[in-house]
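Coordinate inspection notes
Now for the letters of each chain:
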Amino acid sequence: MIEFRNVSRRYGKRTAVADLTLTAPGGEVFAYLGPNGAGKTTTIKMLVGLLQPHAGGISIGGVDVRKQPREACRLLGYVPDQPFLYDKLSARETLQFVAGMYGMGQKEAADAIERQIATFELGGFCDRLSEGYSHGMKQRVVFASALVHNPRVVVVDEPMVGLDPRSMRLVKDLLRRFADEGGAVFMSTHTLSVADEIADRIGVLSQGRLLFCGAVGELRERLAERDGSLERLFLKLTEEMDDDAATAEALAGPALAGRTAAAAVGAGQEMGDA
Amino acid sequence: MSASTSQCRDAPRSATVLRGGAKVARREQAMFWWLRNRLVWRMVAEWATSSRLRMSILVGLSLLFWLGLFAVFHESFVLLANSVSHEPTRAMVAHKIFNIFFFALLIMLAVSSGIIMYSALFRSDEVRFLLTQPISVRRIVSHKFQEAVAFSAWGFLLMGSPMLIAYGMSVDAPLYFYAMLVPMLVSFVVIPAACGGLACMGVIYVAPRFRLRLIATLVAALVAAGLYLGLRLFVMVQENLQGAAWLSEMMGRMEFAEQRLLPSWWLSSGLLQAAHNEPASAGDQPWRDSVMFLGLLVSNAMMATMVLVEIGHRALRPCYSRLQGMGGSNRRARSSVLDRLVRLLAWPLPPATRLLIEKDVRLFRRDPVQWSQFAIFFGLLALYFINIRRFQYDDGMLLRWMNMIGFLNLAVVGLILSTFTTRFIFPMISLEGRRFWILGTLPIHRETILWSKFWFAGLGSAPPCAALIFISDWMLGIVATTPVMALIHQVTCWSLCLGLAGIAVGLGARLPDMRQNSPARIAAGYGGTLNLVLSGIFIVLTVLMTAAPSYFVLEARDLAGAHRYLADTPATHFLLGSNWALAAGVAATVLLGAVATIVPLNIGIRAFRRLEF
């Protein structure tokens, strides 16, 4: 459903994402993990069409995001890390606007909106203006608007930020069910417990390169940490990457360090491909 | 929940995807129309219910401003009609004045719209959201362009309409002149706004990394060119004021704005044709010509909009991506000589105040938006003051006028400073509120924060302003001929600077807007507007209180008694032309400055103590 083909993206001289090749099929929750500045948000922005890759291509359901951004948008629902809502619209009006933009008929939109209001428990405040919402309330409205048009792919950047425990449970169940019903979920998160709980596969990104791509169980096997938590595995994997780069830099300067890091990445990618 | 998502999934997908470009475009148009209506009416309803007083003040002040402009323009056009009896010559003069006015507005609108479009398209959360929706990019560009035009047009209409209505009344224009005003002005605004939008996208497409420098250079170049042309118009005229030769030379110097390819020329020609009550000759049909100019403006406005939207359709996503790709700043935080200088100069202040001032100076010097605007405007003023020598002041009669020009320069410095205090000082407390977890948890009194802002603004602005006024007085010959007047200018300048700082800091604490994180939006709100208006009133009063007695003192000295205008009573003698009057004026200015500093600060401190974050 989601496909990255040798995607690279730079910010000036710094490479944010390097040669990323990845697929996330329907029926799967894919958790995208990595330390701060690893390139997760860049990847997501490229996926939703806000950034254009400098190399490679991205497609959603076979639609090229760069060549047909509008068609690609129709297939996905996007929940950004910083939710945007029109202050002077209510949640219901926001959902009406979004449903209208997706070309939903009046009856169809009204039904879908009511379902989302019920699902995300927006009933208590959905007719109040958004300017008075807390971060968590806004996040729930954004989730509802991302799902109101019945997308095939949901892209979520940091889904749990600002949500209370009940809302977190709600979102986790929803994403899991969405995938079980055939949709694809691409989720970036620092909350490793969430990834551990609902993700079918994880991708670990560091310094713009994909270190690992596969099931958590596979990562345990690869790192010989049979009982290790995802947090422990994640730290071990990313520290190895940092150590390789630091050692290489100490021995032979930055040029060689880059090559050694790339070698480590290569190994990581092999692991992922395996 | 399972059932609900399942229902969503089972819904026929084809129903959600409308086919047919025209149908989709109509749907989008309807949705955006709905969106805009909702947002505007909600805002109006909110103002009407919760901010009635604020709205009344704003509307009242705008009306007052409009009426003031109307009165000035009406009197000017009546004067013109009385001074120039030959109708074609009068029309020619009016045409030249309109050309200059609309040409200047054309440039200003292009620049301001370019900046507004940059912020609306590339710095807005709304566009980030809309780009992830299945919406035509044309629609997004068009939506934001309409906003930019609305932003630009209201100021233009506020300034342009009193002038044009006054002109229409002074020449007894037919009714269709007034009917054509709005379509002509609106279509005129669209053309430079579209050009500004295109230039904005061009800069970001070609050189995203240097966009700010390019824009700043462009603005500085335009301001410099405007200043040069203004000086050329009014300063270097060698002939006697208002003589025939002077008029002829002035007319000649206005010709640069008469390019027939400029929309400003179309607008001024169209309006003047529409204002003609009777045909000048048998074949002359003014209404037909005015309609032709209206058509020219409307068609060009439509064309410019279409070009902008089409180019935006192709360029918005790549431009947005390029701009996002610039990455974050990697600047290292370095200490500077300025920091050490501030530390040194602020040593008499309490340590906490000193530290807060140092922090604000650091934020100021590291924010190019702040210091570049300050540098550009004050640099240009310095340029103007240095070149002011070109005025003829050898004539003894003009000496007191030189003093008046000195006071006018003081008022200009004050007015420019008031825009800075409104834009940068007034929002400081509101912005500080957002990071109040730092300051609010420190073991300091809250008023220390306000005092530090006041000293930062007052002591930061007074020395450069005083230096500018000194340059102005020096170049005008005031320092050499009447040093007392130069001293009075300095006292008035310091009083102005401290008063403006007090008003901005006090009102900023009394009327904070904690929900906004953009200083520009905070400044554009009710509190910012009130700050600007009060600052303007304060400046006018301050300057008048010293300028009027100064003028009469010099007049009395030159002409042995300015009180000849009035009955020669002790009261008029005291009021007009005595040193006592001058001393009283200076004392009143200092007192007013103290009141403008202390009262708002006091109100601000009391409000700030009670403020909950």
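As the structure is a prediction and not an experimental result, all values here were calculated from the model.

**Some remarks on the environment of Y32 of chain A**
Residue and element names in this part refer to chain A. Position of Y32 among the secondary structure elements: in strand 3 (residues 28–33). In sequence terms Y32 and A18 are 14 residues apart; their C-alpha atoms lie 15 Å from each other. Among residues more than four places away in sequence, those in contact with Y32 are K40, T43, F186, M187, S188, G203 and L205.

**Some words on the sheet that holds strand 7 (residues 153–157) of chain A**
Residue and element names in this part refer to chain A. With mixed pairing, 6 strands are arranged side by side in an open sheet as 6-7-8-3-9-10. Edge positions in the sheet fall to strand 6 (76–79) and strand 10 (209–214), since each has one partner strand and no second. Across the sheet, the mean angle separating the axes of adjacent strands is 15 degrees when strand polarity is ignored. Pairing geometry for strand 6 and strand 7, over 4 bridges, is parallel. In the strand pairing of strand 7, Y78 is matched with V155. Against the sheet, helix 5 (residues 135–147) makes contact with strand 6 and strand 7, and its axis sits at roughly 170 degrees relative to strand 6, the strand it touches most. Packed on one face of the sheet, helix 6 (residues 165–180) meets strand 3, strand 7 and strand 8 (184–188) and runs near 145 degrees to strand 8.

**Considering unusual backbone geometry**
At N6 of chain A, a position not held by glycine, the phi torsion is positive, near 50 degrees. Structurally, N6 of chain A is set in strand 1 (residues 2–11). Of note, D172 of chain B is a non-glycine position whose phi angle comes to about 55 degrees, a positive value. Tracing the sequence through the fold places D172 of chain B in the loop between helix 7 (137–170) and helix 8 (175–206).

**Thoughts on the pairing of strand 9 (residues 201–206) of chain A**
Residue and element names in this part refer to chain A. Of all 6 residues in strand 9, 6 are buried, a share of seventy percent or more. Burial of the side chains of strand 9 extends over both faces: R201, G203 and L205 are buried on one face and I202, V204 and S206 on the other. In this sheet, strand 9 lies alongside strand 3 in parallel orientation, the contact comprising 4 bridges. Residue Y32 lies in a different strand from strand 9, and its bridge partner there is G203.

**Observations regarding the sheet that holds strand 1 of chain A**
Residues and elements named next belong to chain A. Within the open sheet, the 4 strands sit side by side as 2-1-4-5. Their pairing is antiparallel. Each end of this open sheet is capped by a strand with a single partner; those strands are strand 2 (14–24) and strand 5 (63–64). For strand 1 and strand 2, the ladder comprises 7 bridges, and the chain directions are antiparallel. The partner of E3 across the bridge, within strand 2, is T23.

The rules we used
- Residues numbered from 1 in each chain as written.
- Chains lettered and ligands numbered in written order.
- Predicted model: local features only at pLDDT ≥ 70, side-chain atom pairs only at ≥ 80, totals over all residues.
- Helix = DSSP H or I, 4+ residues; strand = E, 2+ residues; numbered from the N terminus.
- Contact = placed C-beta atoms within 7 Å.
- Pairing = 2+ DSSP bridges.
- Axes fitted to C-alpha atoms, helices over the stretch in contact; angles between N-to-C directions.
- Buried ≥ 20, exposed ≤ 12 C-beta atoms within 10 Å, placed from the backbone.

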